[in-house]
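Coordinate analysis (summary)
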Amino acid sequence: MYKQKTARINSLRFFQQALLTQLNNPALGFAHRQKVLFLLGEIHATDAFSSLLEATQDPKLAVAAITALGHFGEQARSHLVRILTTSPHHDIQVAAAQSLGQVQGETGDTSLTAFFLEILTASDTEQAVQTEIVWALGKAPDFQAFAALEQLELEIWQTHST
């Protein structure tokens, strides 16, 4: 049993290193590198965390890298919050909100509820970002969010019923 476990760990390390080599290969296209980022997140490749953070700076890789960071839980939370609040790109904000929702769902921690509500109720928040924030709030429900969600529902209903 011990030998099998050791073999699996060594195999996973080899796989992580192979993926990191692929990620850093400039000859590969962006679609291939995006898939590598996805896989690094899926296997929670701890050795790849800094590479994922670096990839968030590349506009062509940022969404894939941010999505992968969602698999890193608490370790990625502050980075995802920073990306959500500082990025001017809506697709990157959406990816950060999705990943924060994933983190919130995995940890059950509701400490981001006030932060989510602030973004949700801001007048300049895009609807796609609002949708992901609502989804994130649903991943780890917190009663303090109900009033704001009811207000949002009322606004949407009024907007679409007139």
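Scroll up a little and you will see the structure.
Note that the structure is a prediction, hence the values are computed from the model and not measured.

Examining the overall build of the protein
Scanning the protein from N- to C-terminus turns up nine helices and zero strands. Listed by position from the N terminus, the elements making up the protein come as α-α-α-α-α-α-α-α-α. For the protein, the spread of C-alpha atoms along the principal axes amounts to about 60 × 40 × 25 Å. Every one of the 162 residues in the protein was classed for burial, and the buried ones make up 40%. Accessible surface, the protein as shown: approximately 9,500 Å² in total, 57% of it carbon and sulfur.

Notes on the side chain of Ser99
Tracing the backbone through its elements, the reader meets Ser99 in helix 6 (residues 90-107). Among the residues examined, Ser99 registers a relative accessible area of 2% and is labelled buried. Leaving out residues up to four positions away in the same chain, Ser99 has contacts with Ile66, Thr67, Gly70 and Leu80.

Some thoughts on the packing of helix 4 (residues 62-69) against helix 6
One can describe the packing of helix 4 onto helix 6 by two numbers: an axis separation of 8 Å at closest approach and a directional angle of 10°. The angle between helix 4 and helix 6 places the two elements in the roughly parallel class. Taking contact as the criterion, the partners of Ala62, Val63, Ile66 and Thr67 in helix 4 are, on helix 6, Asp91, Ile92, Ala95, Ala96 and Ser99.

Structural notes on the packing of helix 7 (residues 113-121) against helix 8 (residues 127-139)
Following both chains from N to C, one finds helix 7 and helix 8 inclined at 155°, their axes separated by 9 Å at the closest point. The orientation of helix 7 with respect to helix 8, classified from their angle, is roughly antiparallel. The two elements helix 7 and helix 8 meet at a crossing, and its hand is left-handed. For the pair formed by helix 7 and helix 8, the contact residues are Thr113, Phe116, Leu117, Ile119 and Leu120 on the first element and Val129, Gln130, Ile133, Val134, Ala136 and Leu137 on the second. Class assignment of the residues belonging to the contact of helix 7 with helix 8 gives a composition of nine nonpolar, two polar and no charged.

Focus: the nonpolar core
By size, the foremost hydrophobic cluster in this structure holds 45 residues, and its most contacted members are Leu40, Leu84 and Ile133. Top contributing element to this core by residue count: helix 6, with seven residues. Aside from chain neighbours lying at most four places away, what touches Leu40 is Gln16, Leu19, Leu20, Leu23, Ala45, Ala48, Leu52 and Phe72.

Cut-offs and rules
- Residues numbered from 1 in each chain as written.
- Predicted model: local features only at pLDDT ≥ 70, side-chain atom pairs only at ≥ 80, totals over all residues.
- Heavy atoms only, no water.
- Helix = DSSP H or I, 4+ residues; strand = E, 2+ residues; numbered from the N terminus.
- Buried < 20%, exposed > 50% of the residue type's maximum accessible area, 1.4 Å probe, protein only.
- Areas by Shrake-Rupley, 256 points an atom, 1.4 Å probe, with all protein chains shown as cover.
- Contact = heavy atoms within 4.5 Å.
- Axes fitted to C-alpha atoms, helices over the stretch in contact; angles between N-to-C directions.
- Parallel < 35°, antiparallel > 145°, perpendicular 65-115°, else oblique.
- Left-handed = near helix turned anticlockwise from the far one by under 90°.
- Nonpolar A, V, L, I, M, F, W, Y, C, P; charged D, E, K, R; others polar.
- Core = buried A, V, L, I, M, F, W, Y, C linked by side-chain atoms within 4.5 Å.

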